[in-house]
Amino acid sequence: MSRAALKGMLMGSVLMLTAPLPVAAQQEPLSPLPLDNSVDNQGKKLDPRKVALGDKLFHDPRLSKDNTISCASCHNLATNGADASDRPLSFGVGGAKGVVNSPTVFNSRYNFRQFWDGRAANLVEQVVGPIHNPIEMATNWPEVIAKLNKDSALVAQFQAIYPDGVQGKNIQDAIAAYEMTLTTPNARIDKWLRGDKGALSADELKGYQLFKSYGCIACHQGANVGGNMYQIFGVMNGYFAARGNLTEADNGRFNVTKNPADKHMFKVPSLRNAAVTPPYFHDGTAQTLEQAVDVMFRFQLGRTAPPEEKALIIKFLHTLTGEYKGKPLEN
Ligand code: HEC
Ligand code: HEC
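Just so we're clear, the structure is a prediction, and the values are computed from it rather than from any experiment.

Draft legend 1. Region of interest: the coordination of the iron atom of ligand 1. In this structure, the iron atom of ligand 1 receives exactly one donor atom from the protein: His75 (NE2), at 2.0 Å. Following the sequence through the fold, His75 ends up in the loop between helix H3 (71-74) and helix H4 (123-126).

Next comes the structure, spelled out in structure tokens:
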């Protein structure tokens, strides 16, 4: 959709969506997350041996230059798969400071691309990034493979699955298989979408209706309540002019395509578990959902809303918090 068309749609959205919809059109723009995470996105059964190996590798600091940082250092499942809330930006090897906020790995399998700027097509491709990134794990495949090859038990575990043993592509494959299992289904919104009308309170349901009628849904939609398109951050008002201190990361998708139309274009993030994964935005500048929703109204919708309505929307956002291994995520 062009920027102008989207603007037109957002300006019209309140009127458009508050008018009663014909019965046939009353299909929900959100869909529940699959309860079964034992299959990949093509419906193929995951190999439990790959999942177990990927789990080990995800938590293995030997994947970094000085053996101090694992994937889990910045995507700790105990802090809901993202950095701790007091860390707007990540820290890599040697305390190197990152340039963007780390998104949660929960449900990343349902995003259409990986990274804020979408530079990795899928989870397998994504793994290469942090391992080679000088401000993250700061290493390379030959170094990692040499270290892992000294661990005979681990080598045997690789060989049982992959005849060519410890290889970069096999590390990628196993970690991606593990990440396929990092899902948080059965949020209260999912129960409601599956027909349990008691799963949401009256206020939460009002919040959902406002989320739709104000047009948040134009960008945050589908199974992941986001993660299925790119949009300009600041489509209605210049976010970056207001914030100041422009960084290279603020260019977003432009850094990948070099197309001027992609400046400040980002993957719309999933709002699943947003309530338990502060801070917000690629720059980590919003500490609370209240702040994040204010920014969205000002810069993505170009309008204001009464505080009561924003509070209802935030109540709705809390219903997007799901369960990992049957237990609800917590703050
Ligand atoms: C030093 C901290 C750090 C480490 C270590 C790290 N990550 Fe990340 N991760 C991040 C940050 C920051 C981003 C966002 C980067 C961007 O979008 O440019 C990210 C993005 C991701 C994403 C994309 C999620 C999405 O919704 O777009 C996935 C998946 C991911 N990391 C998995 C991993 C895996 C697997 C490893 C280990 C091989 C790893 N990360 C190591 C900080 C880290
Ligand atoms: C025009 C598209 C668009 C609309 C409309 C929109 N958003 Fe967003 N939203 C985005 C984009 C893009 C980002 C990521 C911005 C960034 O960090 O670069 C985002 C980020 C967020 C975040 C932070 C998520 C995180 O993990 O960092 C929240 C919360 C959010 N939006 C809620 C809302 C709500 C509530 C509304 C309606 C009031 C809304 N959005 C309307 C595109 C949109």
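The rest of the description comes next.
Draft legend 2. Geometry of the domain arrangement of the protein. With domains assigned, the protein is organised as domain 1 (3-30 + 184-328) and domain 2 (48-180). Just the C-alpha atoms count here: the centres of domain 1 and domain 2 sit 28 Å apart. Each side of the interface is counted separately: domain 1 has 26 residues, and domain 2 has 26 residues. For the pair domain 1 and domain 2, the two sides together bury roughly 2,100 Å², of which 58% comes from carbon and sulfur. For domain 1, the biggest contributors to the area lost against domain 2 are Asn224, Lys267 and His282; these three give 25% of the whole. Inspection of the domain 1/domain 2 interface yields 10 residue pairs in polar contact (both at pLDDT 80 or more).

Draft legend 3. Looking closely at helix H8 (residues 168-180). Look at H8: 18 Å from first C-alpha to last across 13 residues, which is about the 18 Å you get at 1.5 Å a residue. H8 sits mainly inside the fold: 11 of its 13 residues count as buried. Buried within H8 we find Gly168, Asn170, Ile171, Gln172, Ala174, Ile175, Ala176, Ala177, Tyr178, Glu179 and Met180.

Draft legend 4. Region of interest: the site of ligand 2. Near ligand 2 you find 25 residues, and of these Cys216, Cys219, His220, His282 and Met296 are the closest. Phe281 places a main-chain nitrogen or oxygen 2.7 Å from an oxygen atom of ligand 2. The contact in question runs from an oxygen atom of ligand 2 to an N or O atom on the backbone of His282, over 2.7 Å. Counting only elements with at least two residues in the shell around ligand 2, the list comes to helix H1 (3-18) and helix H13 (289-301). With seven residues, H13 is the single largest residue contributor to the shell around ligand 2.

Draft legend 5. Geometry of the packing of helix H10 (residues 202-213) against helix H14 (residues 307-318). Running from N to C, H10 and H14 point in directions that differ by 105 degrees, and their axes come no closer than 7 Å. Considering the angle they form, H10 stands roughly perpendicular to H14. Contacts from Asp203, Glu204, Lys206, Gly207, Tyr208, Leu210 and Phe211 of H10 reach H14 at Glu309, Leu312, Ile313, Lys315, Phe316 and Leu317. Residue composition of the contact of H10 with H14, grouped by class: seven nonpolar, one polar and five charged.

Draft legend 6. Here's a closer look at the coordination of the iron atom of ligand 2. All of the protein donors around the iron atom of ligand 2 are His220 (NE2) and Met296 (SD); their distances to the metal are 2.1 to 2.3 Å. Considering all six donor atoms around the iron atom of ligand 2, the spread of angles at the metal, 88 to 180 degrees, places the coordination shape in the octahedral class. Of this pair, His220 sits in the loop between H10 and strand S1 (230-232) while Met296 sits in helix H13, and the two are 76 residues apart along the sequence.

Draft legend 7. The packing of aromatic side chains, seen in detail. Taken as a whole, this structure holds 15 aromatic pairs when the rule is applied. With centroids separated by 5.8 Å and ring planes inclined at 90 degrees, the aromatic side chains of Phe233 and Phe240 adopt a geometry described as edge-to-face. With respect to class, Phe233 is no different from Phe240; both count as buried. Taken together through their ring pairs, the aromatic side chains of Phe233, Tyr239, Phe240, Phe266, Phe281 and Phe299 make up a single cluster. If you follow Arg119 out to its NZ or CZ, it ends over the ring of Phe115, 3.8 Å from the centre. Here Lys263 stacks its cationic end above the ring of Phe254, 4.8 Å away from the centre of that ring.

Draft legend 8. Molecular detail of the site of ligand 1. If you check the shell around ligand 1, you find 28 residues, and the closest are Cys71, Cys74, His75, Phe115 and Lys267. Between ligand 1 and His75 there is a distance of 2.8 Å, counted from a nitrogen atom to a side-chain nitrogen or oxygen. Between ligand 1 and Arg119, the relevant distance is 2.9 Å, taken from an oxygen atom to a side-chain nitrogen or oxygen of the residue. If you list the elements that add at least two residues to the shell around ligand 1, you get H3, H4 and H8.

Draft legend 9. Summary view of the packing of helix H2 (residues 48-58) against helix H7 (residues 152-161). Between H2 and H7, the shortest axis-to-axis distance is 10 Å and the interhelical angle comes to 145 degrees. In terms of crossing hand, the pair formed by H2 and H7 is left-handed. Contacts between H2 and H7 pair Arg49, Lys50, Ala52, Leu53, Lys56 and Leu57 from the former with Leu154, Gln157, Phe158, Ala160 and Ile161 from the latter. Taken together, the residues of the contact of H2 with H7 break down into seven nonpolar, one polar and three charged.

What counts, and at which threshold
Residues numbered from 1 in each chain as written. Chains lettered and ligands numbered in written order. Predicted model: local features only at pLDDT ≥ 70, side-chain atom pairs only at ≥ 80, totals over all residues. Heavy atoms only, no water. Donors = N, O, S within 2.8 Å, 3.2 Å for Na, K, Ca; no water. Helix = DSSP H or I, 4+ residues; strand = E, 2+ residues; numbered from the N terminus. Domains from an automatic or database assignment. Contact = heavy atoms within 4.5 Å. Buried area = accessible area lost by both parts, 1.4 Å probe. Polar contact = N/O pair within 3.5 Å; in protein donor to acceptor, adjacent residues only side chain to side chain. Expected span 1.5 Å × (residues − 1). Buried < 20%, exposed > 50% of the residue type's maximum accessible area, 1.4 Å probe, protein only. Near = heavy atom within 4 Å. Axes fitted to C-alpha atoms, helices over the stretch in contact; angles between N-to-C directions. Parallel < 35°, antiparallel > 145°, perpendicular 65-115°, else oblique. Nonpolar A, V, L, I, M, F, W, Y, C, P; charged D, E, K, R; others polar. Tetrahedral: all angles 85-135°; square planar, octahedral: opposite > 155°, others 65-115°. Phe/Tyr/Trp six-rings, centres within 6.5 Å; stacked < 30°, edge-to-face > 60°. Lys NZ or Arg CZ within 6 Å of the ring centre and 35° of its normal. Left-handed = near helix turned anticlockwise from the far one by under 90°.

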